[in-house]
Amino acid sequence: MDLNALLQSMTMKEKIGQLTQCTAELFLQTDAAATGPREAIGLPKEMLPLVGSVLNFANAEEMCAIQRAHLEADRLKIPMLFMMDVIHGYRTIFPIPLAMGCSMDPSLMDDCSQMAAKEAAASGVHVTFTPMADQCRDARWGRIMETTGEDPLLNEWMGKAQVWGFQGTTRDNTDLRSPDTLAACVKHFAGYGAVEAGRDYNTVELSERTLRETHFPAYKACIDAGARMVMTSFSAVDGLPAVANPWLMKTVLKEEMGFDGVVISDYDAIRELTVHGVAADLKEAARLAFSNGCDIEMCSAAYALHLEALVNDGVLSEADIDNAVMRVLRLKEELGLFDDPYRAVDPQREDAVCTDPAHRVLAREAAEKTAVLLKNNGILPFSKEVKRVALIGPFAENHAILGFWSCRGREEESVTVRQGVEALLPYAEVTAVRGCGNTVGDVDRSGFDEAVKAASEADVVILCLGEPSHYSGEGNSRVDIALPGVQEALAEAVIEANPQTAVVLFNGRPLAVPRLKETAPAILEMWFPGSEGGSAAARLLFGEVNPSAKLAVTVPRCVGQCPISYRYASTGRPKTIAHGYQPFRSNYLDEEITPLWPFGYGLSYSRFVYESLRLETDTLRCGERLMVTLVLRNDSDREGTETVQAYIRDLHASVTRPTQQLMWFSKVTLPPHQRITLKIPVEESDLCFFDREMRYVAEAGTFELFVGYADHPVHAVQFRLE
Ligand code: BGC
């Protein structure tokens with residue numbers, strides 16, 4: 001397609017149509033019925049046939065119907081782009097991103113993203129609003145479930161893996177024309193994960209140093225991995241909402257990061273500039289967003305109503321409009337839409353792809369690899385020979401374990417814990433008792449007696465607790481991050497009735513459960529595990545598979561510790577005693593400063609021993625590489641997988657540095673009683689940071705490297721950078 005010729009032939013209104021995105025409902029209904037939603041966003045009637053992209057739709061049939069009607073009406077026959085939030089699966093749902101972060105396994109993320117791309121593309125999706133590369137340290141924020149955790153390095157790897165997986169990127173090729181791929185849109189640029197007080201959409205207060213050092217790298221990694229689109233954040237950073245923030249959008253995104261793909265606003269975010277109070281009216285909002293590089297306006301009509309006038313007034317140039325339109329047309333061309341506006345979509349193929357049994361196998365593998373074993377006094381794994389199993393709690397038979405962004409996933413198709421246990425233990429007698437609800441304010445204890453009776457009559461108890469899935473995700477922030485309702489009280493009663501009780505948690509945010517940690521014999525954190533959650537939980541509990549995930553996020557003891565991260569800088573007055581309050585030190589009167597469970601923590605049924613950590617030389621010279629050697633042994637009778645983590649600390653620098661920062665991680669599977677020697681490479685680039693003058697450099701001096709997990713070094717060595 002000669003895109004230049006096409007652009008030349010377009011009227012200004014047609015161009016602006018390409019820069020406008022609307023939800024599918026506007027195109028599906030009769031003209032009269034669509035009037036309501038169209039008027040709600042203020043879109044002029046004559047613009048509707050010119051709109052260039054669609055957000056959300058039900059299935060292949062609907063997509064084809066919308067595209068067909070559009071092509072019939074459009075003078076230039078420019079296909080529409082179809083976009084959707086394909087976040088952790090499409091019809092087959094894999095674990096929420098926070099859980100995927102805990103796998104610390106980018107290749108698993110790549111595989112799951114490929115699977116989701118295949119299903120979504122078969123339904124007619126062209127662009128997914130993923131990866132979300134926001135970094136979060138605050139469990140109150142409901143969207144923490146969409147992050148891959150709190151660590152910049154882990155987020156970089158997970159973000160890249162999603163871009164590669166969705167876009168079908170192999171070593172040297174990205175083929176967006178393939179009917180199995182989607183274009184990826186990295187979001188929310190930038191800093192959205194740091195909303196104040198964990199309240200969604202709130203303002204962000206971040207220094208340039210923190211933004212550059214811990215927030216930008218994951219977005220940049222996604223852009224470098226080839227993400228074709230970037231979405232702006234709702235939040236104001238340094239007083240300006242992202243979509244109107246020239247420093248973020250022009251200086252950082254375009255100039256420094258070199259992003260030349262399509263920029264899209266978040267939902268209604270351009271109109272919301274007037275609500276933020278930085279634009280007097282919609283026309284000013286359109287000017288601010290467009291002149292800061294936002295190409296497509298999602299679900300408001302500032303561009304449709306005002307861009308043309310802004311060009312006529314000489315405020316915006318037609319050349320800039322042309323450049324924005326060209327970026328959109330190029331993406332359409334790259335996706336092959338000018339050759340096949342339907343990208344091989346047909347409803348029969350859609351169904352076959354979305355119900356491919358191989359996808360369920362991968363979803364189960366992912367759920368198994370993302371569950372974190374938080375506590376085990378030795379009762380797990382349960383024997384498969386048990387005769388009576390009691391399943392207790394609001395998640396015992398609950399299908400609602402897909403997680404907030406479960407796209408076209410169907411709850412009734414998810415495997416419950418009960419179904420998982422029954423499939424694994426066909427001869428066991430399984431009883432299930434709900435015991436209580438799991439919503440805030442639910443104080444009903446009338447089910448406790450039945451739960452206690454079932455527990456006392458069983459050989460083993462699986463106590464399935466958690467938050468409803470709509471307690472996390474967009475807009476769903478909480479000030480209390482404990483288990484809702486009377487679930488902790490239920491747990492105490494059940495554990496007292498039968499000490500062979502394993503607690504299984506389903507939740508989208510870290511939960512502060514200090515009492516449960518004390519009383520429960522074992523705790524398995526499933527997060528929201530997706531379609532195969534119940535089978536994965538059963539296989540983990542009964543030892544068919546060995547837990548291997550590590551926390552990608554710090555779990556606080558109580559909400560008052562938020563925001564919290566393992567990657568803190570030393571204060572001038574760090575606490576010097578392990579427990580209790582220390583006057584005039586950086587700590588709390590009424591709570592420890594340590595988390596309930598730290599970043600990088602997670603148990604296994606195997607026992608791994610870190611035998612030795614050695615430096616090949618104790619000096620790293622610029623341009624060279626230093627090798628650190630670690631001997632790891634599996635000191636148990638079970639094969640298992642360990643995620644080896646290496647952390648670094650710069651002991652003296654021109655600005656304060658984190659007391660520990662993840663520098664390297666790798667997953668190693670070891671047969672029983674085997675050992676392996678691992679080489680951990682350290683390069684100058686691993687030691688860089690933004691110095692006092694905001695230059696990205698490594699400063700000569702002494703560094704400490706340790707292996708273990710956050711705040712828990714097993715072995716440490718020191719070396720010098722010269
Ligand atoms: C969310 C985005 C999402 C968009 C489209 C917004 O409200 O913040 O993450 O991609 O809606 O659904």
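Since we're looking at a predicted model, the values are computed, not measured. (Residues numbered from 1 in each chain as written. Predicted model: local features only at pLDDT ≥ 70, side-chain atom pairs only at ≥ 80, totals over all residues. Heavy atoms only, no water.)

1. Digging into the sheet that holds strand β18 (residues 522-525)
Rule in force here: Pairing between strands is defined by DSSP: at least two bridges between the two strands are required. Helix and strand assignments come from DSSP, with helices taken as H or I runs of at least 4 residues and strands as E runs of at least 2, each series counted from the N terminus. An axis is simply a line fitted to the C-alpha atoms; with a helix, the fit covers only the stretch in contact. Between two such axes, the angle follows the N-to-C directions and lies from 0 to 180 degrees. Two residues qualify as a contact provided that any one of their heavy atoms is within 4.5 Å of a heavy atom in the partner residue.
What the 6 strands build is an open sheet, ordered β13-β18-β17-β16-β14-β15; its pairing is mixed. Taken across any chain shown, the strands that pair with only one partner, and hence form the sheet edges, are β13 (372-376) and β15 (429-433). Averaged over all neighbouring strand pairs, the angle between strand axes comes to 15°, with direction disregarded. Sheet topology note: the strand β16 (residues 460-466)/strand β17 (residues 501-506) ladder contains 6 bridges and is parallel. Across the sheet, the residue bridging to Ile462 is Ala502, located in β17. Helix α18 (residues 448-457) rests against β14 (388-392), β15 and β16 of the sheet, and its axis sits at about 155° to β14. In the packing of helix α19 (residues 487-497) onto the sheet, the strands contacted are β14, β16 and β17, and the crossing angle to β16 comes to about 175°.

2. Structural notes on the nonpolar core
Note the cut-off: To define a nonpolar core, start from buried Ala, Val, Leu, Ile, Met, Phe, Trp, Tyr and Cys residues and group those joined through side-chain atoms within 4.5 Å. Relative accessibility thresholds used throughout: buried, under 20% of the residue-type maximum; exposed, over 50%; partly exposed, between the two (1.4 Å probe, protein chains only). What fixes the domain bounds is an automatic or database domain assignment.
In this structure, Phe189, Tyr303, Val389, Ile392, Val421, Ile462 and Phe542 are the most contacted members of the largest nonpolar core, which totals 215 residues. When residues of this core are assigned to domains, at least three map to each of domain 1 (355-541) and domain 2 (608-721). Ignoring sequence-local partners within four residues, the contact set of Phe189 consists of Phe216, Tyr219, Val230, Met231, Thr232, Ser233, Ala242, Leu248, Met249, Val252, Leu253 and Met257.

3. What to know about the site of the ligand
Heads up, the rule is: Being near a molecule or strand, for a residue, comes down to having at least one heavy atom within 4 Å of it. Polar contact is defined as a pair of N or O atoms within 3.5 Å, subject to the rule that within protein one atom must be able to donate a hydrogen and the other to accept it, and that residues adjacent in sequence are counted only when both atoms are side-chain atoms. What sets the accessible areas is the Shrake-Rupley method with a 1.4 Å probe; for residues, cover comes only from the shown protein chains. When residue character is reported, Ala, Val, Leu, Ile, Met, Phe, Trp, Tyr, Cys and Pro are called nonpolar, Asp, Glu, Lys and Arg charged, and the others, Gly included, polar.
The local shell around the ligand consists of Leu55, Asp85, Phe129, Arg143, Lys187, His188, Met231, Phe234, Asp266, Tyr267, Met298 and Glu474. For the ligand, an oxygen atom lies 2.4 Å from a polar atom in the side chain of Asp85. Between an oxygen atom of the ligand and a side-chain N or O atom of Lys187, the distance comes to 2.8 Å. In the complex, the protein chains occlude 94% of the 310 Å² of accessible area that the ligand would expose alone. Looking at the shell around the ligand residue by residue, the classes come out as 6 nonpolar, 1 polar and 5 charged.

4. So, the packing of aromatic side chains
Cut-off, in case you're wondering: Aromatic rings from Phe, Tyr and Trp, with only the six-membered ring used for Trp, were paired whenever their centres fell within 6.5 Å, and each pair was classed as stacked if the ring planes differed by under 30 degrees, edge-to-face if by over 60, and tilted otherwise. A ring is considered to have a charge above it if a Lys NZ or an Arg CZ atom is located within 6 Å of its centre and within 35 degrees of its normal.
Using the criterion set out here, one finds 18 aromatic pairs in the structure. An angle of 80° between the planes, with centres 5.8 Å apart, marks the rings of Phe290 and Tyr303 as edge-to-face. Of the two residues, Phe290 is situated in helix α12 (residues 282-291) and Tyr303 in helix α13 (residues 302-312); the sequence distance between them amounts to 13 residues. For Phe290, a relative accessible area of 7% translates into the label buried. The rings of Trp141, Tyr192, Tyr201 and Phe234 are connected pair by pair, giving a single aromatic cluster. Lying across the ring of Trp405, Lys187 places its NZ or CZ 5.5 Å from the centre.

5. As for the side chain of Asp151
Operational definition: Counted as positive: Lys and Arg. Counted as negative: Asp and Glu, with His and the chain ends omitted from the count. Between Lys or Arg on one side and Asp or Glu on the other, a salt bridge is scored when a side-chain nitrogen of the former is within 4 Å of a carboxyl oxygen of the latter.
Structurally, Asp151 can be placed in the loop between β4 (127-128) and α8 (152-167). Of the side chains with opposite charge, Arg567 comes closest to the buried, unpaired Asp151, at an N-O distance of 4.1 Å. At a separation of 3.0 Å, a polar atom in the side chain of Asp151 contacts the main-chain amide nitrogen of Leu153. Within the structure, Asp151 has its side chain in polar contact with the backbone nitrogen of Leu154 (distance 3.0 Å). Setting aside residues no more than four positions away along its own chain, Asp151 makes contact with Tyr566, Arg567, Phe599 and Leu662.

6. Comments concerning the pattern of salt bridges
Taken as a whole and assessed by the stated rule, the structure comprises 49 salt bridges. Here Asp85 ties to Lys187 by a salt bridge, and the two come within 3.2 Å at their closest N and O atoms. Taken together, the residues span a long stretch of sequence, with Asp85 in the loop between β3 (81-84) and α6 (97-103) and Lys187 in strand β7 (residues 183-189) at a distance of 102 residues. Pair check on accessibility: Asp85 and Lys187 agree, each one buried. Here Glu492 makes a salt bridge to Arg515, at a shortest N to O gap of 2.7 Å. Taken together, the positions of Glu492 in helix α19 and Arg515 in helix α20 (residues 514-519) put the pair 23 residues apart, joining distant regions of the chain. Overall, Arg515 belongs to the partly exposed group, its relative accessible area being 39%. Salt bridges linked by common partners bring Arg364, Glu368, Lys384, Arg539 and Glu544 together as one network.

7. Some points on the pairing of strand β28 (residues 712-721)
Here 2 bridges tie strand β20 (residues 619-620) to β28, and the two strands are oriented parallel to one another. Paired with Thr619 across the bridge in β28 is Arg720. Bridging between strand β27 (residues 701-709) and β28 involves 9 bridges; their strand directions are antiparallel. Residue pairing in the sheet places Phe706 in a bridge with Ala716 of β28. Between β27 and β28, which follow one another and run antiparallel, lie 2 residues, and Asp711 among them has a positive phi close to 65°.

8. Things to note about the sheet that holds strand β23 (residues 661-670)
In spatial order, the strands read β20-β28-β27-β22-β23; together these 5 strands make up an open sheet with mixed pairing. The open sheet is flanked by β20 and β23, the only strands paired with a single partner.

9. Notes on the packing of helix α7 (residues 106-123) against helix α15 (residues 347-354)
Here is the rule we go by: Reported orientations rely on four angle classes, namely roughly parallel under 35 degrees, roughly antiparallel over 145, roughly perpendicular from 65 to 115, and oblique for the rest. Handedness of a crossing follows from how the near helix is turned relative to the far one, being left-handed for an anticlockwise turn of less than a right angle and right-handed for a clockwise one.
At a closest axis distance of 8 Å, the pairing of α7 and α15 adopts a crossing angle of 160°. Judged on the interaxial angle alone, α15 and α7 are roughly antiparallel. For the pair α7 and α15, the sense of crossing is left-handed. Along the contact surface, α7 presents Lys118, Glu119, Ala122 and Ser123, while α15 presents Arg349, Glu350, Val353 and Cys354. Of the residues contributing to the contact of α7 with α15, the split by class is 3 nonpolar, 1 polar and 4 charged.

10. What to know about the domain arrangement of the protein chain
Partitioning the protein chain into domains gives domain 1 (355-541) and domain 2 (608-721). Distance between the C-alpha centres of domain 1 and domain 2: 36 Å.

11. A few points about the pairing of β27
The sheet contact formed by strand β22 (residues 640-650) and β27 spans 5 bridges and is antiparallel. Among the inter-strand pairings, Asp650 is bridged to a residue of β27, identified as Phe703.

12. Focus: the environment of Met109
Assignment of secondary structure puts Met109 in helix α7. Accessibility expressed as a relative area gives 1% for Met109, which makes it buried. For Met109, the residues in contact, after removing those within four places along its chain, are Met100, Thr148, Met158, Ala161 and Gln162.

13. Observations concerning the side chain of Arg140
Mapped onto the secondary structure, Arg140 falls in the loop between β4 and α8. At 2.7 Å, the side chain of Arg140 and the side chain of Asp138 are in polar contact. At 3.3 Å, the side chain of Arg140 and the backbone oxygen of Ala197 are in polar contact. When neighbours within four sequence positions are excluded, Arg140 is seen to be in contact with Ala197, Gly198, Asn476, Ser477, Arg478, Val479, Ile481, Arg509, Val559, Cys562 and Pro563.

14. A closer look at the environment of Leu424
For Leu424, the location among the structural elements is in helix α17 (residues 417-424). Expressed as a C-alpha distance, the spacing of Leu424 and Leu240, which sit 184 residues apart in the sequence, is 54 Å. Non-local contacts of Leu424, meaning those with residues more than four positions away in its chain, are made with Lys384, Ala538, Arg539, Phe542 and Glu544.

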